[in-house]
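The primary structure of each chain is shown beneath.
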Amino acid sequence: DTGVSQDPRHKITKRGQNVTFRCDPISEHNRLYWYRQTLGQGPEFLTYFQNEAQLEKSRLLSDRFSAERPKGSFSTLEIQRTEQGDSAMYLCASSSGGGSNQPQHFGDGTRLSIL
Amino acid sequence: AQSVTQLGSHVSVSEGALVLLRCNYSSSVPPYLFWYVQYPNQGLQLLLKYTSAATLVKGINGFEAEFKKSETSFHLTKPSAHMSDAAEYFCAVTPRGNFNKFYFGSGTKLNVKP
């Protein structure tokens, strides 16, 4: 169990640029989640994949955001035309199948700073 | 809809003192409940979970939590605080079913004084 891995750990970019983050979940986990966490707040749900299917997207996920999980393994989260308000920690989590009593295992996050 | 309230954004205790972090949920049906800990610049680490077995749940690092349906609470406790417990703690709920989208509280930062 190598844990959930996220890359990069930190990203600094200018407003208006596009950024892409990667998440590698725990290998046997078929569920993958993206969350956004701003300073002083708990994580907020963005989107959820079961295998390669994106089953739910939060209203927080504007049309500038897109997430993929093409082969049901790793996932990418892309933000186009970044804005100041996108500065946050982006967390990825994975869990095994079964019911909703399964805990989610989190990566260390990607911290995005928009200049 | 699910929601979680963590009373007290900051809690300060002396080393060796009791730790009590509060979590109340809002749900018509008791959800599944989790406590996570987050150290600076790291992700969240699971401390413990309640999934309708015993109402008193023991977790890692000496933490435990008690589910009280009548009070819609799931408070986190530790009998004796250690300096290494200083971190931010998040309570999370998820409705029962197949889809475990988590709803997190806003967190409580625990400070441990020597």
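Our subject is the structure listed above.
Residues numbered from 1 in each chain as written. Chains lettered and ligands numbered in written order. Predicted model: local features only at pLDDT ≥ 70, side-chain atom pairs only at ≥ 80, totals over all residues. Heavy atoms only, no water.

## Comments concerning the environment of Gly8(B)
Residues and elements named next belong to chain B.
Argument step 1. Mapped onto the elements of the fold, Gly-8 is located in the loop between β1 (3-5) and β2 (10-14).
Argument step 2. Residue classification places Gly-8 among the partly exposed positions, given a relative accessible area of 34%.
Argument step 3. Distance from Gly-8 to Lys-113, taken between C-alpha atoms, is 17 Å for residues 105 residues apart in sequence.
Argument step 4. Leave out the neighbours within four places in its chain, and Gly-8 touches Gly-107 and Thr-108. (Helix = DSSP H or I, 4+ residues; strand = E, 2+ residues; numbered from the N terminus. Buried < 20%, exposed > 50% of the residue type's maximum accessible area, 1.4 Å probe, protein only. Contact = heavy atoms within 4.5 Å.)

## As for the pattern of salt bridges
Argument step 1. Taken as a whole and judged by the stated rule, the model has seven salt bridges over all chains.
Argument step 2. Between Lys101(B) and Glu56(A) there is a salt bridge, with the nearest N and O atoms lying 2.7 Å from each other. Pair noted here: Lys101(B) is in the loop between β10 (87-94) and β11 (103-104) and Glu56(A) is in strand β6 (residues 53-57), and the two residues belong to different chains.
Argument step 3. The exposure class assigned to Glu56(A) is partly exposed, which follows from its relative accessible area of 26%.
Argument step 4. Among the salt bridges present, the one from Glu64(B) reaches Lys58(B), with a minimum N-O distance of 2.8 Å.
Argument step 5. Given the relative accessible area of 63%, Lys58(B) is considered exposed.
Argument step 6. Each of Arg64(A), Glu83(A) and Asp86(A) takes part in a single network of salt bridges with overlapping partners. (Salt bridge = Lys/Arg side-chain N within 4 Å of Asp/Glu carboxyl O.)

## What to know about unusual backbone geometry
Argument step 1. Note the cis peptide between Asp7(A) and Pro8(A), where omega equals -5°.
Argument step 2. Among the secondary structure elements, Pro8(A) is positioned in the loop between β1 (5-7) and β2 (10-13).
Argument step 3. A positive phi angle, near 60°, is found at Asn61(B), a position not held by glycine.
Argument step 4. Residue classification places Asn61(B) among the partly exposed residues on the basis of a relative accessible area of 44%.

Keep in mind these numbers describe shape, not what the thing actually does.
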